Amino acid sequence: MTNLQTFLAEQYTAEIAAFRAVLDAVPEGNFATPGLGHSPAWHALHIAEWVRLTVLQDRTPNYHFLGWEDKPWVAPMGTDAAPLAETAAKAEILAHLDDTGAKAVAYLAAASDADLQGMTFSPSAPTGERPRLAAVGLHLRHIAYHRGQVALSRKEQA
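The paragraphs below set out a description of the structure included in this document.

## Section: the overall build of the protein
Okay, step 1: Within the protein, the secondary structure is distributed over four helices and two strands.
Okay, step 2: In the protein, the succession of α and β elements from N to C terminus is α-α-α-β-β-α.
Okay, step 3: Over its C-alpha trace the protein gives a radius of gyration of 15 Å, about what one expects of a compact globule, namely 15 Å for 158 residues.
Okay, step 4: By its C-alpha atoms, the protein is 45 × 40 × 25 Å across when sized along the principal axes.
Okay, step 5: Within the protein, the fraction of its 158 residues that count as buried is 41%.

Structural data, given as structure tokens:
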């Protein structure tokens, strides 16, 4: 029988792999080129940051690709330099996404039931927080949404 932690780790593994496959298909020369609003590089960095924030609950103040940069709550989260710029090499950005994804999967696989309880930061929730397990599930759909954005952008450019 699969427990919740194993299920979540498997779902993140599958979704990040599907997202990574779409990103792999983007030619190096187009990786930092905006498509439908953002570049594939931005989408990759955005998902890495949200995995770090939502799943790993990392509060290091070096967030620059959350997508809410016009909101006051983001300013204190981006006081340090970003780990990577949108113009970094495709391989560097993908390695960053892979590393963040692997840490999230390892965390989820080893999480206790208590780790998945309580509340977590969620700016889209009316109170700014949502139940941790709901936030993790919502984030899985968030990765799928951005996978679709990159795929649609590639289709529009073809």
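So, next bit.
## Quick word on the nonpolar core
Burial of nonpolar side chains together is a common tendency in soluble globular proteins.
Okay, step 1: Membership of the largest hydrophobic core comes to 32 residues, with the highest contact counts inside it found for Tyr12, Leu23, Phe31, Ile93 and Leu108.
Okay, step 2: Ranked by residues supplied to this core, first place goes to helix H2 (residues 40-55) with eight residues.
Okay, step 3: In contact with Tyr12, not counting residues within four places along its chain, are Val55, Val105, Leu108, Val136, His139, Leu140 and Ile143.
Okay, step 4: With five residues, the next largest nonpolar core counts Leu53, Tyr63, Leu66 and Met77 among its residues.

## Quick notes on helix H3 (residues 90-110)
Okay, step 1: The first and last C-alpha atoms of H3 sit 30 Å apart over 21 residues, in line with the 30 Å expected at 1.5 Å per residue.
Okay, step 2: Buried within H3 we find Lys90, Ile93, Leu94, His96, Leu97, Thr100, Gly101, Ala104, Val105 and Leu108. Viewed end-on, H3 has its buried residues packed into an arc of 165 degrees, placing them on one side of the element. Residues of H3 that are exposed and point over 90 degrees away from its buried face: Ala91 and Ala110.

## Structural notes on the layout of surface pockets
Okay, step 1: Put simply, the largest pocket is a space of about 320 Å³.
Okay, step 2: Listed by contribution, the elements that provide at least two residues to the lining of the largest pocket are H2 and helix H4 (132-157).
Okay, step 3: Looking at which element gives the most residues to the lining of the largest pocket, the answer is H4, with six residues.

## Considering the environment of Ser122
Okay, step 1: Checked against the element boundaries, Ser122 lands in the loop between strand S1 (119-121) and strand S2 (129-131).
Okay, step 2: Ser122 sits 62 residues away from Thr60 along the chain, and the two C-alpha atoms are 16 Å apart.
Okay, step 3: Ignoring any residue separated from it by four or fewer positions in sequence, one finds Ser122 in contact with Gly128, Glu129 and Arg130.

## As for the packing of aromatic side chains
Okay, step 1: Scanning the model with the defined rule gives two aromatic pairs in all.
Okay, step 2: Consider the rings of Trp68 and Trp73, whose centres lie 5.7 Å apart with planes at 55 degrees: the pair is tilted.
Okay, step 3: When its relative accessible area of 24% is taken as the criterion, Trp73 is described as partly exposed.
Okay, step 4: The interplanar angle of 65 degrees and the centroid separation of 5.0 Å between the aromatic rings of Trp73 and Phe121 together place this pair among those described as edge-to-face. With a gap of 48 residues between them, Trp73 in the loop between H2 and H3 and Phe121 in strand S1 connect regions that are remote in the sequence.

Each value, and the rule that gives it
- Residues numbered from 1 in each chain as written.
- Predicted model: local features only at pLDDT ≥ 70, side-chain atom pairs only at ≥ 80, totals over all residues.
- Heavy atoms only, no water.
- Helix = DSSP H or I, 4+ residues; strand = E, 2+ residues; numbered from the N terminus.
- Rg over C-alpha atoms; globule rule 2.2 N^0.38 Å.
- Buried < 20%, exposed > 50% of the residue type's maximum accessible area, 1.4 Å probe, protein only.
- Core = buried A, V, L, I, M, F, W, Y, C linked by side-chain atoms within 4.5 Å.
- Contact = heavy atoms within 4.5 Å.
- Expected span 1.5 Å × (residues − 1).
- Arc of directions from axis to C-beta.
- 1 Å grid on protein atoms, 1.4 Å probe; cavity = no way out; pocket = protein on both sides within 12 Å on 5 of 7 lines; lining within 4 Å.
- Points joined across faces, edges and corners; volume = space filled by probe spheres on them.
- Phe/Tyr/Trp six-rings, centres within 6.5 Å; stacked < 30°, edge-to-face > 60°.

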